[in-house]
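So the chains spell out like this:
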Amino acid sequence: MKFAIIKERKSPPDKRVVFSPTMLLAFKEQFPQAEIMVESSDVRIFNDDEYRNAGFDVKDDVSDCDVFIGVKEVPVDALVPHKKYFFFSHTIKKQPHNQKMLQAIIDKEITLYDHETVTDANHKRLIGFGRYAGIVGTYNAFRAFGLKFELYNLPKAETLQDRDALIARLKRIVLPPIKIVVTGKGKVGGGIKEILDAMKIKEVSADNFLNKVYSSPVYTQLDVLDYNMRKDGVVATAAEDFFDHPTEYVSNFRRFSNASDIFIAGHFHGNDSPDILTQDMLKDKDCKLKVVADISCDVAGPVACTVRASCIAEPLYGYNPFSGEETDVHHPAAIVVMAVDNLPCELPRDASEGFGEMFLKHVVPAFYNNDKDGVLKRAMITQDGKLTEKFKYLNENYIQENVPHI
């Protein structure tokens, strides 16, 4: 079996890669029978010579490989028919901008595996860049706070070498006794907490956060039952009730938006779940929020001030809660919004190393053990020109199978 580490072709350029030279060596050591080639790239954070020096072939043409491994979507004209591909396709929610790509994958009889659909038997995701999104998003939240109030100037995360450099910069700043509310306790939430703890910001319970006054910065990290309540007034004792019956719930995040200076959003939001931070909450005369770092970045979704995704080049914009429109970040009424949808790109070296470690642990063995744990089967969206059973729903007004396209 021949594996190709492919060049990222999406614009703007993504410097990340699934396997760094170091992790590719670990791959080869664990599975010496594997043939591995690296497609030449002028955008990758690790240059071609780093792979050559590690002993790998670097070529402009890797079309004779069997499995093509990348990070982001592959342009239609670069897709090689009848091959296996592994990348973030961003199609499982019927994203309109990738409809043509998925149709081309069907038409070219490509077998597509999606990093996002790599799960264990209990449907828990096994790989992702979530931790690094949390790390960079939290750094950006404090950068936004400093810019808004002209307290300090932090450089852009992309200009710093790695996670440790981000933490070193954050430790230098002096903060007033602000309150920071965090949603989400998954991989993104873990990255957020990692940075807040490294900054020695004190974690407090939700009740204490709401009811006590502190002389130094504090944060609280919420789970779904902390900011949602049942419409019928019944107090749920397990999060499963929320996941099973999301339409029976309504957000009660207002008490946190009225007590917090910074909101760092790292939650997962299901399609039927109630909005978390509504426009009415943002208009409330008691709303204290100054910065919203929406790492989850669902545009027109559960966080009302996320009116668009921002980018690494221009990561911040202002939101006027009274008009519901974008404004200058220094407008007196503005809440500063950070809604970059590709945050791990700002830490490409660290993110690539961490992702490769997860991919090697959870995915690569499946190619050599007959997929005994079903990892590849669960991750497979298409096979030989057809949608797999799990993803048949994508036939509905999104793509067509086995229909010639011109």
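Cut-offs and rules
- Residues numbered from 1 in each chain as written.
- Predicted model: local features only at pLDDT ≥ 70, side-chain atom pairs only at ≥ 80, totals over all residues.
- Heavy atoms only, no water.
- Helix = DSSP H or I, 4+ residues; strand = E, 2+ residues; numbered from the N terminus.
- Rg over C-alpha atoms; globule rule 2.2 N^0.38 Å.
- Buried < 20%, exposed > 50% of the residue type's maximum accessible area, 1.4 Å probe, protein only.
- Contact = heavy atoms within 4.5 Å.
- Domains from an automatic or database assignment.
- Buried area = accessible area lost by both parts, 1.4 Å probe.
- Salt bridge = Lys/Arg side-chain N within 4 Å of Asp/Glu carboxyl O.
- Polar contact = N/O pair within 3.5 Å; in protein donor to acceptor, adjacent residues only side chain to side chain.
- Nonpolar A, V, L, I, M, F, W, Y, C, P; charged D, E, K, R; others polar.
- Pairing = 2+ DSSP bridges.
- Axes fitted to C-alpha atoms, helices over the stretch in contact; angles between N-to-C directions.
- Core = buried A, V, L, I, M, F, W, Y, C linked by side-chain atoms within 4.5 Å.
- Phe/Tyr/Trp six-rings, centres within 6.5 Å; stacked < 30°, edge-to-face > 60°.
- Right-handed = clockwise from strand over helix to strand, strands pointing away.

Visitor: Would you take a moment to explain the overall build of the chain for this structure?
Guide: In terms of regular secondary structure, the chain is built from 13 helices and 18 strands. Taken over the C-alpha trace, the chain has a radius of gyration of 22 Å; the compact-globule value for 406 residues is 22 Å, and the two agree within 12%. Principal-axis analysis of the C-alpha atoms gives the chain an extent of 65 × 50 × 40 Å. Looking at the chain residue by residue over its 406 residues, the buried ones come to 53%. Considering only intrachain contacts with a sequence separation of at least 6, the fraction spanning at least 24 residues in the chain is 68%.

Visitor: How should the domain arrangement of the chain be read in this particular structure?
Guide: Often, the extent of an interface is quoted as the loss of accessible area upon association of its parts. Assigned domains within the chain: domain 1 (2-126 + 348-395) and domain 2 (130-341). A separation of 32 Å is found between the C-alpha centroids of domain 1 and domain 2. Listed per partner, the contact involves six residues of domain 1 and five residues of domain 2. At the boundary of domain 1 with domain 2, total buried surface from both sides reaches about 540 Å², with 52% on carbon and sulfur atoms. Seen at the junction of domain 1 and domain 2, the total is zero salt bridges. Taken together, the connections running from domain 1 to domain 2 amount to two residue pairs in polar contact (both at pLDDT 80 or more). Taken together, the residues of the side of domain 1 that touches domain 2 sort by class into two nonpolar, one polar and three charged.

Visitor: So what exactly am I meant to see when it comes to the sheet that holds strand E6 (residues 111-114) here?
Guide: On the basis of which strands lie adjacent, the open sheet formed by eight strands has the order E3-E2-E1-E4-E5-E6-E17-E18 and mixed pairing. Edge positions in the open sheet fall to strand E3 (57-59) and strand E18 (386-387), since each of these has one partner strand only. Direction of pairing for strand E5 (residues 84-87) relative to E6: parallel, over a ladder of four bridges. Note that in E6 the partner of phenylalanine 87 across the bridge is aspartate 114. Contacts from helix H1 (residues 21-30) reach strand E1 (2-5) and strand E2 (35-39), with the element oriented near 160 degrees to E2.

Visitor: Whenever I open this one, the nonpolar core confuses me. Can you help?
Guide: Taken as a class, soluble globular proteins show a tendency for nonpolar side chains to be buried jointly. Formed by 82 residues in total, the largest nonpolar core has its most connected members in Phe19, Phe27, Phe142, Ile180 and Phe359. In terms of residues, this core owes the most to one element, helix H4 (residues 130-149), which gives nine residues. Two domains each donate at least three residues to this core, and these are domain 1 (2-126 + 348-395) and domain 2 (130-341). Excluding its chain neighbours within four sequence positions, the residues that come into contact with phenylalanine 142 are Tyr152, Leu154, Leu170, Ile173, Leu175, Ile178, Ile180, Leu196, Met199, Ile201 and Ile262.

Visitor: Explanation requested: the packing of aromatic side chains in the structure shown.
Guide: Describing an aromatic ring pair means giving the distance of the ring centres and the angle of the ring planes. Tallied over the full model, the rule gives 24 aromatic pairs. Pairing tyrosine 113 with phenylalanine 367 gives two aromatic rings, centres 6.3 Å apart and planes at 80 degrees, and the pair type is edge-to-face. One end of the pair, tyrosine 113, is in strand E6; the other, phenylalanine 367, is in the loop between helix H12 (348-362) and helix H13 (375-379), and 254 residues separate them in sequence. Grouping residues by exposure puts tyrosine 113 and phenylalanine 367 together as buried. Ring plane angle 45 degrees and centroid distance 6.2 Å describe the contact between phenylalanine 391 and tyrosine 393, whose orientation is recorded as tilted. On the basis of relative accessible area, phenylalanine 391 is assigned to the buried category, the value being 3%.

Visitor: What exactly am I supposed to notice about the pairing of strand E9 (residues 218-222) here?
Guide: Each regular strand displays side chains that alternate between the two surfaces of the sheet. The buried count for E9 comes to five of five residues, which makes it a mostly enclosed element. Where strand E7 (residues 179-183) and E9 come together, five bridges link them in parallel fashion. Its bridge partner being in E9, valine 181 is matched across the sheet by threonine 220. As defined by bridge partners, strand E8 (residues 202-203) adjoins E9 across two bridges and the pair is classed as parallel. Across the sheet, residue glutamate 203 finds its bridge partner in E9, namely tyrosine 219. With helix H7 (residues 206-211) bridging E8 and its parallel neighbour E9, the resulting β-α-β unit is right-handed.

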